[in-house]
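Commentary on secondary and tertiary structure
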Protein chains: 2
Amino acid sequence: MKNTERLTADVLSSFGSTPDDRLRTLLRGLVEHLHAYFVENAVTGQEWQAAIDFLTQVGQACTEVRQEVILLSDVLGVSMLTEILNEDLQDSHATEATVLGPFHLTDSPRRELGDSIDEVMAGDPLIIEGRLTSTDGIPLSDGTIDVWQSDENGFYDVQVPDLQPQGNGRGFFQVDPDGRFWFRTVAPAPYPIPTDGPVGRLLAATKRHPFRPAHIHFILSAPGHRQLTTHVFMGDSPYLDSDAVFAVRDSLVVHKSVCDDEDLAAKCGVAVPFEVCRVDVVLERLETNQS
Amino acid sequence: MKNTERLTADVLSSFGSTPDDRLRTLLRGLVEHLHAYFVENAVTGQEWQAAIDFLTQVGQACTEVRQEVILLSDVLGVSMLTEILNEDLQDSHATEATVLGPFHLTDSPRRELGDSIDEVMAGDPLIIEGRLTSTDGIPLSDGTIDVWQSDENGFYDVQVPDLQPQGNGRGFFQVDPDGRFWFRTVAPAPYPIPTDGPVGRLLAATKRHPFRPAHIHFILSAPGHRQLTTHVFMGDSPYLDSDAVFAVRDSLVVHKSVCDDEDLAAKCGVAVPFEVCRVDVVLERLETNQS
């Protein structure tokens, strides 16, 4: 047996007494892939050192308001892969998931249907309307929607506290008894992921652009249903086919249309005609119905 | 094609414009193994989050005097694997390498043959004697030896500055015209790698002990030869078959013997009989002979 194979066997064996079965499986799989990667590529000492330095920089770039390890996972497609893997358990009729991203806050401002999540109102209004239903077609009258997005310049409130009030671009809504929701916002813009850290340097070294296509984040919940974290992507945005974090899914691309619905205009405080995006969401019913 | 396969293909493709061929190869191999690992194990969102948190803690545990990312590489056998992989290029008659470890200082005290690297002298003396030769058998008269080790309690000078003077347990020697070297020290003791950080928590969760068998570190150099970083391991030490960092190699285990050589005793300032370890080292001649 080659020396490297004996070493790999020794490392695998060293984890043999791990009490937690799942942890043992995950660590052994990690060792197998890590070692195979180093052997296949005959990684040099200099390259190993560069990898150590890079991972150290990624860890050290993390602060209370920045998670560079997640950003690394994002640009390697691992965050999105994890989303897809966990969705494979889901009913295929449910709306597809995508990554949470770094800009979610645990307490979005509670708003009423028809309110504007855009408190600055410097751009053209965009109305979002949609309906929350279960995979069996029933409207989810107890559903809630947590929404957050960049403004028309590609910035979240937390990035530019001097330009946007806290909570701008965010809202937490209760749907109506028929599962419907509607609110006012402004069309989001594409924006770059942070490029001033080690992950940004990785993108530069590989000639990858850092942009994400314009999108609106949602977390949708209803009693007895699997919570869904997803985005909708604006169909007229650049970068739809080269999202820096690989989160675009065809089913999540939505298109603006011009609308002259006087009733909806009145409910959202806009004049006709206005632009609207329809966002219908289907949540998976859980086997054990808990509410 | 399954969704996960399309995602992996997209991520691989995103690195297609990397100007540096080797970087492109290494990143694509990394993406392939990372994604295969996640798919094979159906890693959950909770497990992904735990991995993110762990890597973040490892990076944040690094300071000017602590390198937790290297420690993680060590306990996963990756540091030793890199050593072996790069040695595969070497002449098989050369002495085997092992890991550098975290306690090397760039400037060991320059000492004369026969000096003691143990400045405290609280333990029984141990004499190290040996010879530095080339793979073709020629003594390397211009060779140098950088040596460092723990004391008889398992501590390096930098760990206990109140108990050991700076430079204790360390020495930089020029060999004699016949390639020979001899110096006095104290037998090193086994010691645990740092367990107060995330890597220590990993060992605890997997019921692995943190100990390294007793050893003495060497960096050996001679003009025209490949520099060698290695240890010798004390043959009577516990943990020889379960080194926490997988650095033991059979060829590097040495045994103490009792010696009554009056000449060597005089040269090292000890009384007969005394204990001695013989450490003969063979360096690989480089193709391009530079001196």
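Residues numbered from 1 in each chain as written. Chains lettered and ligands numbered in written order. Predicted model: local features only at pLDDT ≥ 70, side-chain atom pairs only at ≥ 80, totals over all residues. Heavy atoms only, no water.

Under the annotation held in an unreviewed UniProt entry, chain A carries the name 6-chlorohydroxyquinol-1,2-dioxygenase and is attributed to Actinomadura alba. Taken from UniProt, the Sequence similarities (unreviewed entry) comment for chain A reads in full: "Belongs to the intradiol ring-cleavage dioxygenase family." Listed in UniProt under the heading Cofactor (unreviewed entry), the comment for chain A reads: "Fe(3+)". (UniProt positions renumbered as here; feature names shortened; annotations may be inferred.)

**A look at the pattern of salt bridges**
Residue and element names in this part refer to chain A. Under the defined criterion, the tally for this structure stands at 33 salt bridges over all chains. Here Arg131 ties to Asp178 by a salt bridge, and the two come within 2.7 Å at their closest N and O atoms. Here Arg131 is found in strand β1 (residues 125-134), whereas its partner Asp178 is found in the loop between β3 (170-174) and β4 (180-186), with 47 residues between them in sequence. Salt-bridge contacts for Asp178 lead to Arg180; the nearest nitrogen and oxygen are separated by 2.9 Å. According to the relative accessible area criterion, Asp178 is partly exposed, its value standing at 29%. For Arg180, a relative accessible area of 31% translates into the label partly exposed. (Salt bridge = Lys/Arg side-chain N within 4 Å of Asp/Glu carboxyl O. Helix = DSSP H or I, 4+ residues; strand = E, 2+ residues; numbered from the N terminus. Buried < 20%, exposed > 50% of the residue type's maximum accessible area, 1.4 Å probe, protein only.)

**Structural notes on the interface of chain B and chain A**
How large an interface is tends to be reported as the accessible area lost when its parts come together. Facing 62 residues of chain B, the contacting portion of chain A comprises 62 residues. Summing both sides of the interface, chain B and chain A together bury roughly 5600 Å²; the carbon and sulfur share of this comes to 68%. Between Glu47(B) and Arg22(A) there is a salt bridge, with the nearest N and O atoms lying 2.7 Å from each other. Scanning the region where chain B abuts chain A turns up 23 residue pairs in polar contact (both at pLDDT 80 or more). Secondary structure elements with two or more residues in the side of chain B that touches chain A: α1 (3-14), α2 (21-41), α3 (45-60), α4 (68-75), α5 (78-87) and α6 (198-205) of chain B. Looking at the side of chain B that touches chain A, the element that brings in the most residues is α2(B), giving 17 residues. A breakdown of the residues in the side of chain B that touches chain A according to their chemical character gives 32 nonpolar, 22 polar and eight charged. (Contact = heavy atoms within 4.5 Å. Buried area = accessible area lost by both parts, 1.4 Å probe. Polar contact = N/O pair within 3.5 Å; in protein donor to acceptor, adjacent residues only side chain to side chain. Nonpolar A, V, L, I, M, F, W, Y, C, P; charged D, E, K, R; others polar.)

**Structural notes on the side chain of Arg208(B)**
Residue and element names in this part refer to chain B. Summarising the element assignment, Arg208 is placed in the loop between α6 and β6 (211-212). Lacking a salt bridge, the buried Arg208 has Asp243 as its closest oppositely charged neighbour, with an N-O distance of 7.7 Å. Reaching out from Arg208, the side chain makes a polar contact with the backbone oxygen of Ala244 at a distance of 2.9 Å. (Lys, Arg positive; Asp, Glu negative; His and termini not counted.)

**Comments concerning the packing of aromatic side chains**
To describe a pair of aromatic rings, you give the distance between the ring centres and the angle between the ring planes. Considering all chains together, one arrives at 12 aromatic pairs over all chains under this definition. With a centroid separation of 4.8 Å and an interplanar angle of 5°, the aromatic rings of Phe211(A) and Tyr239(A) are classed as stacked. With a gap of 28 residues between them, Phe211(A) in strand β6 (residues 211-212) and Tyr239(A) in the loop between β8 (228-234) and β9 (253-254) connect regions that are remote in the sequence. Judged by relative accessible area, which is 25%, Phe211(A) ranks as partly exposed. Ring geometry for Tyr37(B) against Phe38(B): centres 5.9 Å apart, planes inclined by 80°, an arrangement best described as edge-to-face. Considered together, Tyr37(B) and Phe38(B) belong to a single accessibility category, that of buried residues. In textbook terms, an aromatic cluster arises when at least three aromatic residues are bridged by ring pairs, as seen for Phe103(A), Tyr156(A) and Tyr191(A). Looking at Arg208(A), its charged tip hangs above the ring of Phe15(B), at a distance of 4.8 Å from the centre. Across the ring face of Trp182(A), the terminal group of Lys267(A) is positioned such that the distance to the ring centre comes to 3.7 Å. (Phe/Tyr/Trp six-rings, centres within 6.5 Å; stacked < 30°, edge-to-face > 60°. Lys NZ or Arg CZ within 6 Å of the ring centre and 35° of its normal.)

**Points about the sheet that holds strand β7 (residues 215-221) of chain A**
Residue and element names in this part refer to chain A. Ordered by their spatial adjacency, five strands build an open sheet running β3-β2-β7-β8-β9, and the pairing between neighbours is mixed. The sheet terminates laterally at β3 and β9, the two strands that pair on one side only. By the bridge criterion, five bridges tie strand β2 (residues 144-149) to β3 in an arrangement that is antiparallel. Within β3, the residue paired with Thr144 across the bridge is Gln174. (Pairing = 2+ DSSP bridges.)

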